[in-house]
Amino acid sequence: MWSSICYNPLFSGSDLPFQTMDVMYITSAWPHACFNKITSFITAFITFERCICIAVPLKVKVIITPSRTKVIVLAIFVLLFALFSPLFYVNRLTWTFSPQRNATILAIRYSEEREAVETATFFIYSVAMSAFVIAFVFVCTLVLIVKLNSKVKWRLTSVANTAKQSQTVSVKDRKVVKMVALISTIFVICYIPTTLIFFMMAYEPQYSYGGRYENIYIVVWSVANVLETVNSSINFVVYYNMSSKFRLRFLEIFFRKDVG
């Protein structure tokens, strides 16, 4: 929302004591990219956890423990914060005199290391990480669906066996798998445009804000941001409709309904 406000001509063209695009760049663009990647990695981890549940159900509690989950989620935050921190070091907001406005305004001051830092960081988080997460989620979702279908077919065609029945997939597990598969599919669809934009930026440096293709860059990014918002917003709808536990807890917390 803050980015949209900054792009609004009525706001950016007003006589504010700061350079609108510079402030948006620091306070919105980079934080958005950082938390965007955090969301991506957490989604990838959730998909991996469900994949393990179906692939090796008897070992999942040993492989994925609550303590390990906390460590992994914390590590994701620390890793991404550490990766994006140099960007705030080489792009600093300082009070600078603007000859065009004949006033001192808050604007970005670039350090000498900016180009090298941004080039390296951009490749890591935009190209490498984006491609990895999309591919990882896609593969895990595919394995999850294939394993689920194979186990369902096996149960329908095999002779009942007590030892083997312990490894079969329950109705509850299948519902969870369907929910995670749906969330993963939505994630992949919504994040593919963003990933393609990053690849395009790496291939064509002029495809950027202030570059030769600035107009199309802004338009395409606007569409990508809408899709990212859809991905984040629709997850609640999916969880509410497909997870009875989530629905009951939501009603209990926000509507004070006793779920027993």
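Model, not experiment: these values are computed from the prediction.

A. A look at unusual backbone geometry. Positioned with a positive phi, Asn-102 is a non-glycine residue whose angle comes to about 55°. By secondary structure assignment, the location of Asn-102 is in the loop between β1 (91–98) and β2 (103–110). For Asn-102, a relative accessible area of 60% translates into the label exposed.

B. Quick peek at the packing of helix α3 (residues 20–55) against helix α5 (residues 66–90). Following both chains from N to C, one finds α3 and α5 inclined at 155°, their axes separated by 10 Å at the closest point. Overall, the two elements α3 and α5 adopt an arrangement that is roughly antiparallel. Viewed along their axes, α3 and α5 form a crossing whose handedness is right-handed. Every residue of α5 that contacts α3 at Ile-26, Trp-30, Pro-31, Ala-33, Cys-34, Phe-35, Lys-37, Ile-38, Phe-41, Ile-42 and Phe-45 is listed here: Thr-69, Ile-72, Val-73, Ile-76, Phe-77, Leu-80, Phe-81, Phe-84, Leu-87 and Phe-88. Of the residues in the contact of α3 with α5, the class split is 19 nonpolar, one polar and one charged.

C. Seen up close, the pattern of salt bridges. Tallying each qualifying case throughout the model produces three salt bridges. Among the salt bridges present, the one from Glu-49 reaches Arg-50, with a minimum N-O distance of 2.9 Å. The residues Glu-49 and Arg-50 share a single accessibility class, namely buried. Residue Arg-249 pairs with Glu-252 through a salt bridge whose shortest N-O separation is 2.7 Å. Of the two residues, Arg-249 and Glu-252 are both situated in helix α10 (residues 244–255); the distance of three residues between them amounts to about one turn of the helix. With relative accessibility at 42%, the residue Arg-249 sits in the partly exposed group. When its relative accessible area of 30% is taken as the criterion, Glu-252 is described as partly exposed.

D. Quick peek at the environment of Tyr-110. Structurally, Tyr-110 is set in strand β2. Considered as a pair, Tyr-110 and Tyr-89 are 21 residues apart in the sequence and their alpha carbons are 8.9 Å apart. Not counting the four nearest positions on each side in its chain, Tyr-110 is found in contact with Val-90 and Asn-91.

E. Seen up close, the environment of Tyr-125. When you line up the elements, Tyr-125 lands in helix α6 (residues 114–157). A residue is classified by how much of its surface remains accessible, and Tyr-125, at 4% relative accessible area, is buried. It is 8.7 Å that separates the C-alpha atoms of Tyr-125 and Cys-34, two residues lying 91 residues apart in sequence. Sequence-distant contacts of Tyr-125, defined by excluding residues within four places in its chain, comprise Trp-30, Ala-33, Lys-37, Leu-83, Phe-84, Ser-130 and Phe-198.

F. Examining the packing of aromatic side chains more closely. Taken as a whole, this structure holds 22 aromatic pairs when the rule is applied. Between Trp-30 and Tyr-125 the ring centres are 5.8 Å apart and the planes differ by 70°, which places this aromatic pair in the edge-to-face class. With Trp-30 in helix α3 and Tyr-125 in helix α6, this pair connects stretches of sequence that are 95 residues apart. On the accessibility criterion, Trp-30 (8% relative accessible area) is buried. Grouping aromatic residues by their ring pairs yields a cluster made of Tyr-25, Trp-30, Phe-84, Phe-122, Tyr-125, Phe-198, Tyr-207, Tyr-217 and Trp-221. In this structure, Arg-114 is placed above the aromatic ring of Tyr-110, and the distance from its NZ or CZ to the ring centre is 3.9 Å.

Rules used throughout
- Residues numbered from 1 in each chain as written.
- Predicted model: local features only at pLDDT ≥ 70, side-chain atom pairs only at ≥ 80, totals over all residues.
- Heavy atoms only, no water.
- Helix = DSSP H or I, 4+ residues; strand = E, 2+ residues; numbered from the N terminus.
- Buried < 20%, exposed > 50% of the residue type's maximum accessible area, 1.4 Å probe, protein only.
- Axes fitted to C-alpha atoms, helices over the stretch in contact; angles between N-to-C directions.
- Parallel < 35°, antiparallel > 145°, perpendicular 65-115°, else oblique.
- Left-handed = near helix turned anticlockwise from the far one by under 90°.
- Contact = heavy atoms within 4.5 Å.
- Nonpolar A, V, L, I, M, F, W, Y, C, P; charged D, E, K, R; others polar.
- Salt bridge = Lys/Arg side-chain N within 4 Å of Asp/Glu carboxyl O.
- Phe/Tyr/Trp six-rings, centres within 6.5 Å; stacked < 30°, edge-to-face > 60°.
- Lys NZ or Arg CZ within 6 Å of the ring centre and 35° of its normal.

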